[in-house]
Structure formats: structure tokens, C-alpha cells
Amino acid sequence: MIEHIEHDGELLALIIRASFSRPGITFFTENSLSQQIGYMQHPSGKLIEPHVHLPVAREVHLTQEVLVLRKGTLRVDFYDETQVYLYSRTLNAGDVILLIKGGHGFEVIEEVEMFEIKQGPYAGDQDKTRFSGISAKEAKE
């Protein structure tokens, strides 16, 4: 239900499958990551105290993205920092992925609806380097 995508001892991504379920609060990410993902399952009547978040200075050096698939099937191709292809994984409706580091590309297998959540603001051309990816025939899961 939780898959850690790693290469050379580095965490590239975290996949949380739609089937994940656990009572209470579960956080999947280390505090060192600039994006945090938690899952909450509470019974009816549970009260979560009202609160405000205080201003805290944070320094972000690398954009991390969360994709939430609402519909469809998406192949995610993972690359190392030097743009070398590593392997692929297939996501389905309800799956969530945190893209932590390295490169990534996508192929839509079945029409997709998804949310993308990341730190902002978007820095345009300064935010990413685009490169040629693999073909579907080269994908290895």
C-alpha cells in the first residue's frame, strides 16, 4: 500500500495506493522533506480543534510535487539526477505520489484527472530542465 521508490540509497518518490486505510493519523514523510503527506481516518463525531498556523520561516531548495489521481491510469517514469532512466510505476485512480527528487516523466495510459500540489510560486523556465524521455516499449516496472 506504500511504496518507496529509491535509487542509490536516495528516496525519489513515495506512492500511497488508493487501498491504504488506517484509523487515526498517519504521516508518511520525514520531517526533513519540504512537502509533508499525512492520512487521516476519524469516526463520525470526532472533533479536530480549531487552530491557526503560525508564521514559520522555511527554506525550500527543491520543488517537490504531490499528484492525486482522481481518474485514469498514469505511467510514471523515474530518472536519476543526470537524466538516466531508472524504472517506471503505474498509478491508478485514488493513488497519491510524492515526487521528492530526481527526474520524472509521464504517459497517460487511460484519460487522467489529477491534482498537482507543490510549493510556489512557479519559477517558469528557472524551475526545471526538460529532456527527452523513454518510449513505452522501454518502460520497466
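Residues numbered from 1 in each chain as written. Predicted model: local features only at pLDDT ≥ 70, side-chain atom pairs only at ≥ 80, totals over all residues. Heavy atoms only, no water.

The name that an unreviewed UniProt entry assigns to the protein chain is Cupin, with the source organism given as Thalassospira povalilytica.

**Concerning the overall build of the protein chain**
Looking only at helices and strands, the protein chain has zero helices and eight strands in total. When the helices and strands of the protein chain are listed from N to C terminus, the series reads β-β-β-β-β-β-β-β. Seen along its three principal axes, the alpha-carbon backbone of the protein chain occupies a region of about 50 × 35 × 30 Å. Summarising the internal contacts of the protein chain: among those between residues at least 6 apart in sequence, 61% fall at separations of at least 24. (Helix = DSSP H or I, 4+ residues; strand = E, 2+ residues; numbered from the N terminus. Contact = heavy atoms within 4.5 Å.)

**Points about the packing of aromatic side chains**
Taken as a whole and assessed by the stated rule, the structure comprises five aromatic pairs. Ring plane angle 80° and centroid distance 5.1 Å describe the contact between F20 and F28, whose orientation is recorded as edge-to-face. Taken together, a centroid distance of 5.7 Å and an interplanar angle of 65° make the contact between Y79 and Y85 edge-to-face. Looking at Y79, the relative accessible area reads 4%, which means it is buried. Here the aromatic residues F20, F28 and Y39 are joined through ring pairs into a cluster of three or more. (Phe/Tyr/Trp six-rings, centres within 6.5 Å; stacked < 30°, edge-to-face > 60°. Buried < 20%, exposed > 50% of the residue type's maximum accessible area, 1.4 Å probe, protein only.)

**Comments concerning the nonpolar core**
The biggest cluster of nonpolar side chains holds 14 residues, and the ones touching the most others in it are I5, A13, V76, F78, L91, I97 and L99. Among the secondary structure elements, those contributing two or more residues to this core are β2 (10-16), β5 (65-79), β6 (85-92) and β7 (96-99). Of the residues forming this core, the biggest block, five residues, is contributed by β5. With residues up to four places along the chain from it excluded, the contact list for I5 reads E10, L11, L12, A13, I15, F78, Y87 and R89. L14, I16, F20 and V66 belong to the second largest nonpolar core, which has ten residues in total. (Core = buried A, V, L, I, M, F, W, Y, C linked by side-chain atoms within 4.5 Å.)

**A short note on the pattern of salt bridges**
Should the charged atoms of two oppositely charged side chains come close, the side chains can pair. With the rule as written, the count across this model stands at ten salt bridges. Here R17 and E3 are joined by a salt bridge, their closest N and O atoms 3.5 Å apart. Of the two residues, R17 is situated in the loop between β2 and β3 (24-27) and E3 in strand β1 (residues 2-7); the sequence distance between them amounts to 14 residues. You can call E3 partly exposed: its relative accessible area is 23%. Put simply, D77 and R75 hold a salt bridge, and the shortest N to O gap is 2.7 Å. Judged on exposure class, the residue D77 and its partner R75 are both buried. (Salt bridge = Lys/Arg side-chain N within 4 Å of Asp/Glu carboxyl O.)

**Quick notes on the side chain of E65**
Relative to the helices and strands, E65 resides in strand β5. Buried E65, no salt bridge; nearest opposite-charge side chain is K118, N-O distance 4.1 Å. Among the polar contacts made by the side chain of E65, one reaches the side chain of H104 at a distance of 2.7 Å. Ignoring anything within four residues of it in the chain, the contact list for E65 reads I97, L98, L99, H104, E116, I117 and K118. (Lys, Arg positive; Asp, Glu negative; His and termini not counted. Polar contact = N/O pair within 3.5 Å; in protein donor to acceptor, adjacent residues only side chain to side chain.)

**Things to note about the environment of R130**
With respect to the helices and strands, R130 occurs in the segment after β8 (103-118). In this structure R130 comes out as exposed when scored by relative accessible area, which is 67%. Distance from R130 to G105, taken between C-alpha atoms, is 9.6 Å for residues 25 residues apart in sequence.

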